[in-house]
Amino acid sequence: MRIENSFIPVRGVGETTERRLWENGITHWDEFDGSVVGSTLADRIETFIDDGWTHLERGDVSVFAEALPASSRWRCYENVSSETCFLDIETTGLDASCNDVTTVSLHRGGETKTFVKDRDLTSERLERELDDSALLVTFNGQRFDVPFLETCFDVDVDVPHVDLMYPCKKLGLDGGLKAIEQEVGIDRDMPDISGRDAVRLWHEYERGDESSLETLVEYNRADTRNMEPLMEIVADRLHENVFEAATADD
């Protein structure tokens, strides 16, 4: 699904109205026919479409991400998949006010970068990477990764954000990232480690064990890379559940 198939970012259009539009053959902005809805809502949709094309020509999906519920922001992905940044962090604990970010991995355009505390993990590097991204994808990042980065590095993460945890829940996929990966058939080369293991590995590195840092970085990178195929699977399944189901009923 692309943004151009979506009408729920319009004020006053919910899933029921959007489904009615789709069932009447209006599955794309170019096909919009105001006779299916009232005149006031039709004018609002037409204005939204005109403005929407301008945003998409700029590669800006922020207005749509802001207007969509968290569980529906996956609809932004296909339009900017090549400029999407998948991000995951490791920390020394759960409280951003007294714990540190140890590593940050970002995967975009087939390349994975990892920044390490006291080496190259800086506010400037993070801001540069995020500024180059049209969409941010995390898992539980809305509650954890993003607030941690904003607190520890005094950065404003204003990139349109898809937290995969919410669309996964919409599909009945509960639990942590690694459990969901197993459920949908995404393989990992390395066994799982816990947050406690990540803290232990960092402290072992601080005591001089470089191999512990290598292990921590590889786990962090695996989390980040594996979010891309998960995003693809989730988007495909939700497309089938939401869009194809409605148009098949037509």
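Bear in mind the structure is a predicted one, so any value in this text is a computation, not a measurement. (Residues numbered from 1 in each chain as written. Predicted model: local features only at pLDDT ≥ 70, side-chain atom pairs only at ≥ 80, totals over all residues. Heavy atoms only, no water.)

(A) Region of interest: the sheet that holds strand S2 (residues 101-108). On the basis of which strands lie adjacent, the open sheet formed by five strands has the order S3-S2-S1-S4-S5 and mixed pairing. Each edge of the open sheet is held by one strand with a lone partner, namely strand S3 (111-116) and strand S5 (161-163). Sheet twist, expressed as the mean angle between neighbouring strand axes with direction ignored, is 25 degrees. As defined by bridge partners, S2 adjoins S3 across six bridges and the pair is classed as antiparallel. If you follow histidine 107 over to S3, its bridge partner there is threonine 112. Across the face of the sheet, helix H9 (residues 210-248) comes into contact with strand S1 (84-91), S2, S3, strand S4 (135-138) and S5 while running at roughly 145 degrees to S1. (Pairing = 2+ DSSP bridges. Helix = DSSP H or I, 4+ residues; strand = E, 2+ residues; numbered from the N terminus. Axes fitted to C-alpha atoms, helices over the stretch in contact; angles between N-to-C directions. Contact = heavy atoms within 4.5 Å.)

(B) Expanded view of the side chain of asparagine 226. Positionally, asparagine 226 belongs in helix H9. Polar contacts involving the side chain of asparagine 226 include one to the side chain of glutamate 181, which spans 3.2 Å. Beyond its immediate sequence surroundings of up to four residues, asparagine 226 is in contact with Glu181, Ile186, Asp187 and Arg188. (Polar contact = N/O pair within 3.5 Å; in protein donor to acceptor, adjacent residues only side chain to side chain.)

(C) Region of interest: the pattern of salt bridges. The tally for this structure, following the rule as stated, stands at 15 salt bridges. Between arginine 188 and glutamate 181 there is a salt bridge; the shortest N-O distance is 2.6 Å. The class of glutamate 181 is buried, set by a relative accessible area of 1%. The partner of arginine 200 in a salt bridge is aspartate 197, and the shortest N-O contact between them spans 3.6 Å. Placement of the pair is arginine 200 and aspartate 197 together in helix H8 (residues 195-206), with a separation of three residues, close to one helical turn. Residue arginine 200 is classed as partly exposed on the basis of its relative accessible area of 38%. (Salt bridge = Lys/Arg side-chain N within 4 Å of Asp/Glu carboxyl O. Buried < 20%, exposed > 50% of the residue type's maximum accessible area, 1.4 Å probe, protein only.)

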